[in-house]
Amino acid sequence: AKDGGRNQLQFYTSEMNARVTERTLIEGHLRNALVRQEFVLYFQPRIDCVSGRVVGLEALLRWRQPELGLVPPDRFIGVAEETGRIVEIGEWVLYEACRQVKAWQDAGLPRVPVAVNVSARQFRQSGFVQEVNGALLASGLEPAYLELELTESLMMQNVEGVVAAMCELKESGVRLSIDDFGTGYSSLSYLRRFPLDYLKIDRSFVRDMLHDAPGGAIVRSMITLGHSLGCRIIAEGVETPDQLGYLAREGCDEIQGFLCSRPVPVEMAQVLLTAGG
Ligand code: C2E
Ligand code: CA
Ligand code: CA
Ligand code: CA
């Protein structure tokens, strides 16, 4: 038991070391990532449950780091948040997403909105609203084709300030979504105060939805709740036809997930748009 304890301690220590090393590595490489143009956007389509058409695209950040390979966002967004670098990265994402969608529109492809993920740190920085307007102006994209995805946890901190900024954004004409809904302990009494256009049901609920009756009931109530708030409902992480069937029957408006497409690079997104727009 003594030895086991020591081994365990060693195990934790080396795991912690590995984590610190990974963090330091990521932090270091992140410093140059923007100037070296290592970021790219992938796009995942959103499908209308009734028409089956592509009705939107979510821009998802990818980092091609020469030494680390393709680094998924879950490995670097947190670090970028902590160091504050997310602000300039987020600005790049915003502008690049607008620019790309405008380019597709100019090329005559079906016009669909692009959804951009906004991190808490980016949203809270003063001047965020101007930054959004700046990206729209610079790209020439009409505001109605830009959606901003705000996480539930972001929205529940400093509700007054968040509501004020969201109202300003709505005045600019952009659309607003609550992302990962159901994971952030929303106060239901606050929800109605946010000027929301879309509610995105988190993937974890979709995953468990068909396993038992409560799982299905929870998703059904989320759809009802979202509709009563005047939102369109998007289900994330839809992977099977059975899930799609249930969601469509329960009145979900749009789905996003591997069933329709994984997030894909620009050229493939263009093909999806042409085929399914
Ligand atoms: P998210 O906003 O919830 O994005 C959806 C994530 O679910 C994406 O992971 C997507 O690839 C994945 N996904 C979509 N459909 C399915 C499915 O059917 N099954 C499964 N298992 N997964 C599915 P990704 O691209 O790795 O992004 C992870 C998270 O990183 C995002 O979660 C978002 O929180 C963050 N992120 C991505 N891009 C950005 C960005 O530009 N800015 C900020 N601040 N965060 C971003
Ligand atoms: Ca999202
Ligand atoms: Ca999400
Ligand atoms: Ca998520």
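The rules behind these values
- Residues numbered from 1 in each chain as written.
- Chains lettered and ligands numbered in written order.
- Predicted model: local features only at pLDDT ≥ 70, side-chain atom pairs only at ≥ 80, totals over all residues.
- Heavy atoms only, no water.
- pLDDT = per-residue confidence, 0-100.
- Donors = N, O, S within 2.8 Å, 3.2 Å for Na, K, Ca; no water.
- Helix = DSSP H or I, 4+ residues; strand = E, 2+ residues; numbered from the N terminus.
- Buried < 20%, exposed > 50% of the residue type's maximum accessible area, 1.4 Å probe, protein only.
- Contact = heavy atoms within 4.5 Å.
- Arc of directions from axis to C-beta.
- Axes fitted to C-alpha atoms, helices over the stretch in contact; angles between N-to-C directions.
- Parallel < 35°, antiparallel > 145°, perpendicular 65-115°, else oblique.
- Left-handed = near helix turned anticlockwise from the far one by under 90°.
- Nonpolar A, V, L, I, M, F, W, Y, C, P; charged D, E, K, R; others polar.
- Core = buried A, V, L, I, M, F, W, Y, C linked by side-chain atoms within 4.5 Å.

**Remarks on the confidence of the model for the protein chain**
Residues at a pLDDT of 70 or more form 95% of the protein chain, whose mean pLDDT is 93. The complex prediction reports pTM at 0.93, with the ipTM value standing at 0.98.

**Re the coordination of the calcium ion (ligand 2)**
Geometry reference: four tetrahedral donors at a metal, ideal angle 109.5 degrees. Six octahedral donors, ideal angles 90 or 180 degrees. At this site the calcium ion (ligand 2) is bound by Glu58 (OE), Asn117 (OD1), Glu149 (OE) and Asp179 (OD), with donor distances of 2.1 to 2.3 Å. Taken as an interatomic distance, the gap from the calcium ion (ligand 2) to the calcium ion (ligand 3) is 3.8 Å; aspartate 179 donates to each of them. Taken together, the residues glutamate 149 in strand E5 (residues 146–151) and aspartate 179 in strand E6 (residues 175–181) connect sequence positions 30 residues apart.

**Quick notes on the environment of glutamine 100**
Relative to the assigned elements, glutamine 100 resides in helix H3 (residues 86–106). Of the residues examined, glutamine 100 reaches a relative accessible area of 10% and is grouped as buried. In this structure, the C-alpha to C-alpha distance between glutamine 100 and serine 139, residues 39 residues apart in sequence, is 8.6 Å. Discounting chain neighbours no more than four positions away, the residues touching glutamine 100 are Phe43 and Val266.

**Let's talk about helix H2 (residues 73–83)**
Along H2, the residues classified as buried are Pro73, Phe76, Val79 and Ala80. Around the axis of H2, the buried residues are gathered within 150° of arc, so they sit on the same side. Relative to its buried face, H2 has exposed residues pointing more than 90 degrees away, namely Asp74 and Glu82. Among the residues trailing H2, glycine 84 stands out with phi positive, at a value near 90°.

**Quick word on the coordination of the calcium ion (ligand 4)**
Within the protein, the atoms that donate to the calcium ion (ligand 4) are Asp180 (OD) and Asp180 (OD), at distances of 2.9 to 3.2 Å. The metal-metal distance between the calcium ion (ligand 4) and the calcium ion (ligand 3) is 3.6 Å, with aspartate 180 serving as a donor to both. Within the element layout of this structure, aspartate 180 appears in strand E6.

**Focus on the packing of helix H5 (residues 128–139) against helix H7 (residues 159–172)**
Running from N to C, H5 and H7 point in directions that differ by 20°, and their axes come no closer than 10 Å. Classed by the angle they form, the pair H5 and H7 counts as roughly parallel. Like other packed secondary-structure pairs, H5 and H7 cross with a definite hand, here right-handed. Where H5 approaches H7, its residues Phe128, Val129, Val132 and Asn133 are matched on the opposing element by Ala165, Glu168, Leu169 and Ser172. Residue classes in the contact of H5 with H7 are distributed as five nonpolar, two polar and one charged.

**Description of the nonpolar core**
Residues Phe123, Leu146, Leu148 and Phe194 are the most contacted members of the largest nonpolar core, which totals 77 residues. Top element by residues in this core is H3. It accounts for nine residues. Each residue touching leucine 146, except ones within four places of it in the same chain, is listed here: Leu94, Cys98, Val114, Val116, Val132, Leu136, Leu141, Val174 and Arg175.

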